[in-house]
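As a plain string of letters, each chain reads:
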Amino acid sequence: MEITEMIEQLANDLKSYASTSSIFGEPIEIQGATVIPISKMSVGYGGGGGEEGEEASSGDKGGGGGAGGGVKIEPAALIIAQDGEVSVVPIKANDSKLDSLIGMIPEAVEKFSEQKGEEVE
């Protein structure tokens with residue numbers, strides 16, 4: 001496979017991760033509110049190759065190529081919808097662990113309700 005084909009294949013493979021469902025999570029119903037987690041995605045890839053200009057001792061031309069890439073997905077915010085109002089609550093960088101995200105959902109819903117002047121049951 002030539003380097004151009006490798007990079008094209010890698011880019012196509014990484015595109016499969018870049019979908020709406022990768023960024024917006026499934027809605028969660030909690031305390032009368034709908035919470036939708038939002039993630040931030042970073043994608044990177046690259047490749048390179050080369051050929052020896054002169055024939056190697058075996059009579060074949062030397063050559064090589066390679067490609068690599070990666071995808072990083074991390075929590076970024078929560079969309080909270082309750083009683084016809086919507087709020088976006090950002091997630092701090094140091095709170096990017098999944099446990100922190102899950103733990104902050106009730107607190108975020110409560111803050112949203114307090115802003116509207118309602119008590120959360």
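The rules behind these values
Residues numbered from 1 in each chain as written. Predicted model: local features only at pLDDT ≥ 70, side-chain atom pairs only at ≥ 80, totals over all residues. Heavy atoms only, no water. Helix = DSSP H or I, 4+ residues; strand = E, 2+ residues; numbered from the N terminus. Areas by Shrake-Rupley, 256 points an atom, 1.4 Å probe, with all protein chains shown as cover. Salt bridge = Lys/Arg side-chain N within 4 Å of Asp/Glu carboxyl O. Buried < 20%, exposed > 50% of the residue type's maximum accessible area, 1.4 Å probe, protein only. Core = buried A, V, L, I, M, F, W, Y, C linked by side-chain atoms within 4.5 Å. Patch = residues over 30% accessible without salt bridge, like charges linked within 9 Å, V, L, I, M, F, W, Y side chains within 5 Å. Lys, Arg positive; Asp, Glu negative; His and termini not counted. Charge placed at Lys NZ, Arg CZ, Asp CG, Glu CD. Expected span 1.5 Å × (residues − 1). Arc of directions from axis to C-beta. Polar contact = N/O pair within 3.5 Å; in protein donor to acceptor, adjacent residues only side chain to side chain.

1. Quick notes on the overall build of the chain
Right, so step 1: Helix and strand content of the chain: 3 helices and 4 strands.
Right, so step 2: The secondary structure elements of the chain, listed N-terminal to C-terminal, are α-α-β-β-β-β-α.
Right, so step 3: Accessible surface computed for the chain: about 8,300 Å², of which carbon and sulfur atoms make up 49%.

2. Overview of the pattern of salt bridges
Right, so step 1: In the structure shown here, the tally under the stated rule is 2 salt bridges.
Right, so step 2: Note that Lys-40 and Glu-74 form a salt bridge whose closest N and O atoms lie 3.6 Å from each other. Of the two residues, Lys-40 is situated in strand 2 (residues 33–55) and Glu-74 in strand 3 (residues 61–82); the sequence distance between them amounts to 34 residues.
Right, so step 3: Judged by its relative accessible area of 44%, Lys-40 is partly exposed.
Right, so step 4: One salt bridge connects Glu-74 with Lys-72, and the closest N-O pair in it is separated by 3.9 Å.
Right, so step 5: Connected via shared salt-bridge partners are Lys-40, Lys-72 and Glu-74.

3. What to know about the nonpolar core
Right, so step 1: Residues Ala-33, Val-35, Leu-78, Ile-80, Ile-91, Ile-105, Ala-108 and Val-109 constitute the largest nonpolar core, which totals 8 residues.
Right, so step 2: Counting only elements with at least two residues in this core, the list comes to strand 2, strand 3 and helix 3 (98–115).

4. Thoughts on a negative patch on the surface
Right, so step 1: Taken together, Glu-2, Glu-5, Glu-8 and Glu-51 make up a surface patch of like negative charges.
Right, so step 2: In this structure, Glu-2 sits in the segment before helix 1 (3–15).
Right, so step 3: The class for Glu-2 is exposed, based on a relative accessible area of 57%.

5. Brief notes about a nonpolar patch on the surface
Right, so step 1: A cluster of nonpolar side chains, contributed by Tyr-17, Val-43, Tyr-45, Val-71 and Ile-73, occupies part of the molecular surface with about 460 Å² of accessible area.
Right, so step 2: Elements represented by at least two residues in the nonpolar patch include exactly strand 2 and strand 3.
Right, so step 3: Relative to the helices and strands, Tyr-17 is located in the loop between helix 1 and helix 2 (20–23).

6. Thoughts on helix 1
Right, so step 1: Spanning 13 residues, helix 1 covers 18 Å between terminal C-alpha atoms, matching the ideal 18 Å at 1.5 Å per step.
Right, so step 2: If you check which residues of helix 1 are buried, you get Leu-10, Ala-11 and Leu-14. For helix 1, the angular spread of buried residues about the axis comes to 100°, placing them on one side.

7. Description of the side chain of Gln-82
Right, so step 1: By secondary structure assignment, the location of Gln-82 is in strand 3.
Right, so step 2: We classify Gln-82 as buried; its relative accessible area is 7%.
Right, so step 3: Within the structure, Gln-82 has its side chain in polar contact with the backbone oxygen of Gln-31 (distance 3.4 Å).

8. A short note on the environment of Ser-22
Right, so step 1: With respect to the helices and strands, Ser-22 occurs in helix 2.
Right, so step 2: Put simply, Ser-22 and Ser-39 are 17 residues apart on the chain and 7.3 Å apart in space, counted from C-alpha to C-alpha.

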